[in-house]
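So you can see what is in the structure, the chains are spelled out below.
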Amino acid sequence: MDTASTGAYDGVRTAPRALATEAVHAGRDDLARQGLHAPPIDLSTTYPSYDSRAEAARIDAFAEGGADLAGPPVYARLGNPTVARFETALARLEGTETAVAFASGMAALSAVLLACAATGLRHAVAVRPLYGCSDHLLTAGLLGTEVTWTDPDGIAGALRPDTGLVLIESPANPTLAEADLRAVADACGPVPLLVDNTFATPVLQRPAEQGARLVLHSATKYLGGHGDVLAGVVACDEGFAGRLRQIRFATGGVLHPLAGYLLLRGLSTLPVRVRAASANAAELARRLAADPRVARVRYPRLGGAMVAFEVHGDPHEVISRVRLVTPAVSLGSVDTLIQHPASISHRIVDADDRRGAGVTDRLLRLSVGLEDVDDLWADLDRALGAPRERQGAKELREAVR
């Protein structure tokens, strides 16, 4: 295998291609000329070098600005050819110069915050709701970051001289609230905007085209797509990527090559999976909205495979009764998952802050997969229990007794 680059893979550049074509071919453009069809997996942790002077010069170049190392690989913490293929492919899908992959989505966000703090910019502005652990990382100040929470309209007024980052998730986890990303980017001025694009994926939205400098994914979700890989990635410009690579090297939050391989494979079917799951989700949202047992349904104008809904009854009972749908954390897999955010994904957020962001105690989050939509509805219908009218009649009879 050609291991001439360990950072963002620099294979054959082609004319602009449709997203579906890029999903299949990006990061793989050099394979045919190497006599390969499937991307190889490079599991090496270290690589031989007989020119220690040249090696030292390359390491110095990395230490200076986090540049993608030219030439053969050096050490797995500096970069890996298999991971680099995934980074290139994701950057092409998001329309950014490059991307930097990490061991998890939280490792990726931590690296961004550390990169800002390293330049003395420890203040962040953020819009709720965010993923619960992202909220906790900011609120607890675990990385020395101070956060100001606001709504999209308040971003400009919340900026300070030491603001290094603005964070927003749209559609948001778990309420699916959407924001005008172009307006948000304009409000940020020169401060970098980070958009968590995990729910939308580049199939539905490319935040860099709306002015975001950083696009974050929990690649564990739709990018992998099969519930068998843990990863995070930041798509960005080369300048910020250099800082992220330095932090990844120093902190060790590297992505394993096998995970990089699985993610690259997952990207090839991403457009098909997202569109099929979105069609299922839209139909389930329609049926839930018409059901008297459901108090409110939230489904993004953008579309997507996530549905949030509030029930009149006990949400924990709904979760206990599903059989086809899996009651589990995470999302974005080929199978359908359901969870109660107030108990699980957002439990770590202060209760008042959680409810203030619209994460109510009766809210359920549904990650819709690729099953037949009628089978999914039959399972949800059973899980929701008896229609409200019959529930009310039963309560009346019990009261009379």
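As shown above, the structure is provided for reference.
Just so you know, these numbers come straight off a predicted model, no measurement behind them.

**Digging into empty space enclosed by the protein**
- Applying the stated rule across the entire model yields six cavities of 30 Å³ or more.
- Of the voids in this model, the largest cavity is the one considered here, and its volume is about 40 Å³.
- When residues of the lining of the largest cavity are traced back to their parent elements, those giving at least two are β4 (163-169) and β5 (193-196).
- Across the lining of the largest cavity, the residue classes break down as six nonpolar, one polar and one charged.

**Structural notes on the sheet that holds strand β6 (residues 214-217)**
- A sheet is described by the order of its strands in space; here seven strands give the open sequence β1-β7-β6-β5-β4-β2-β3, paired in mixed fashion. Strands with a single pairing partner mark the edges of an open sheet, and in this sheet they are β1 (98-102) and β3 (146-150). Each adjacent strand pair in this sheet contributes to an overall mean axis angle of 20°, direction not counted.
- Sheet analysis places β6 next to strand β7 (residues 232-236), joined by three bridges and oriented antiparallel. Note that in β7 the partner of Leu216 across the bridge is Val234.
- Set on the sheet, helix α3 (residues 81-94) makes contact with β1, β6 and β7; between it and β1 the angle comes to about 130°.

**Side note on the sheet that holds strand β12 (residues 363-367)**
- Strand order in the open sheet formed by five strands is β8-β9-β12-β11-β10, with mixed pairing between adjacent strands. Both edges of this open sheet fall to β8 (294-298) and β10 (326-327), since each of them pairs with a single strand only.
- Lying over the sheet, helix α11 (residues 270-289) contacts β8, β9 (306-311) and β12, oriented at roughly 15° with respect to β9.

**Digging into helix α7 (residues 181-188)**
- All of the buried residues in α7 are Leu181, Val184, Ala185 and Cys188. Relative to the axis of α7, the buried residues are bounded by an arc of 100° and lie together on one face.
- The inward-facing, buried residues of α7 abut α6 (155-158), β4 and β5.
- Sitting at the amino-terminal end of α7 is Asp180, which places a side-chain oxygen 3.2 Å from the backbone nitrogen of Arg182.
- Where α7 terminates, the next one or two residues include Gly189, which has phi positive at roughly 60°.

The rules behind these values
- Residues numbered from 1 in each chain as written.
- Predicted model: local features only at pLDDT ≥ 70, side-chain atom pairs only at ≥ 80, totals over all residues.
- Heavy atoms only, no water.
- 1 Å grid on protein atoms, 1.4 Å probe; cavity = no way out; pocket = protein on both sides within 12 Å on 5 of 7 lines; lining within 4 Å.
- Points joined across faces, edges and corners; volume = space filled by probe spheres on them.
- Helix = DSSP H or I, 4+ residues; strand = E, 2+ residues; numbered from the N terminus.
- Nonpolar A, V, L, I, M, F, W, Y, C, P; charged D, E, K, R; others polar.
- Pairing = 2+ DSSP bridges.
- Axes fitted to C-alpha atoms, helices over the stretch in contact; angles between N-to-C directions.
- Contact = heavy atoms within 4.5 Å.
- Buried < 20%, exposed > 50% of the residue type's maximum accessible area, 1.4 Å probe, protein only.
- Arc of directions from axis to C-beta.
- Polar contact = N/O pair within 3.5 Å; in protein donor to acceptor, adjacent residues only side chain to side chain.

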